[in-house]
Amino acid sequence: CRQPFCSPSGTSRATRPILKQARPWDGDTPVKAKQHRRVAGTPGEEASLEPVEGLQHSRSAQHEEIKSLPDNEDQDLIGDFSKAHLLPTVEGKDPGLKYISPDTRGKKIPPVPPQGAVNLPLQRDVEQFLLEQPILPLDTSKRVIIIFHCEFSAHRGPKMCRFLREKDRSCHEYPRLHYPELYVLKGGYRDFFLQYPAHCEPQDYRPMEHGAFQEQLRQFRCQSR
């Protein structure tokens with residue numbers, strides 16, 4: 001799990017209050033939010049936007065705005081429904097996640113080399129680094145964007161992306177989020193290296209299963225069980 005990237009204006013950290021209202025991982029689209037509302041009375045179905053006794057946030061102006069959104073499959077809003085995604089996305093293995101291509105990572109984002117990414121191999125690392133002191137933009141007109149990747153972005157990267165969204169949801173009244181804009185780098189570091197080797201250091205790709213990394217791989221697998 002890697003690569004927190006923030007907008008060029010820089011970031012600061014601030015502690016946010018923690019509220020214990022868990023929300024399931026969702027497709028993060030207003031269409032699905034409206035579908036949840038319509039079936040909220042069905043037995044066994046969690047009401048993601050319906051009010052609960054003692055809580056009035058579902059009647060807030062923000063929720064009324066979400067409610068008024070048209071049923072349009074082309075709506076492609078970030079996790080808090082406040083704006084559209086900044087980066088162009090591509091189809092990926094998990095339809096609940098947003099993927100970007102190596103081209104987008106290499107051409108549209110200011111040059112932050114992948115080797116400068118933050119290595120967060122365990123879920124507790126993600127919580128400590130991203131949620132205990134959330135990253136905030138110094139300029140509120142800018143965005144904080146997190147891009148996850150592992151070697152192939154087939155398992156570990158997407159898994160950590162989903163984990164962060166689930167934990168972030170549980171810290172807020174729906175639909176607020178610390179990090180509403182999350183992406184996964186499609187094809188992972190391997191595909192990015194093949195297309196942009198000059199952006200990588202060292203310029204010598206060795207897979208995770210390489211003999212030189214066997215001890216590190218063994219230790220990681222023991223820790224992640």
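Structure: see above.
Quantities reported herein were computed from a predicted structural model and do not represent experimental measurements. (Residues numbered from 1 in each chain as written. Predicted model: local features only at pLDDT ≥ 70, side-chain atom pairs only at ≥ 80, totals over all residues. Heavy atoms only, no water.)

**Student:** Help me understand the environment of C171, please; the structure alone is not making it clear to me.
**Tutor:** If you trace the backbone, C171 turns up in the loop between α5 (156–170) and β6 (182–185). Each C-alpha atom, one on C171 and one on L131, is 9.0 Å from the other, the two residues being 40 residues apart in sequence. (Helix = DSSP H or I, 4+ residues; strand = E, 2+ residues; numbered from the N terminus.)

**Student:** Sorry if this is basic, but what is going on with the side chain of S153 here?
**Tutor:** Counting through the fold element by element, S153 comes out in the loop between β5 (144–148) and α5. Here the side chain of S153 touches G188 through a polar contact of 3.4 Å, landing on its backbone nitrogen. When sequence neighbours within four positions are dropped, the list of residues in contact with S153 reads F148, P158, V184, L185, G187 and G188. (Polar contact = N/O pair within 3.5 Å; in protein donor to acceptor, adjacent residues only side chain to side chain. Contact = heavy atoms within 4.5 Å.)

**Student:** Would you explain helix α6 (residues 188–195) in this entry?
**Tutor:** Given 3.6 residues per turn, any residue in an α-helix points the same way as the ones three and four places further on. Buried residues of α6: G188, Y189, F192 and F193, and no others. All buried residues of α6 project into a common sector of 145° when viewed along the axis, lining one side. Packed against the buried residues of α6 are α3 (102–108) and β6. (Buried < 20%, exposed > 50% of the residue type's maximum accessible area, 1.4 Å probe, protein only. Arc of directions from axis to C-beta.)

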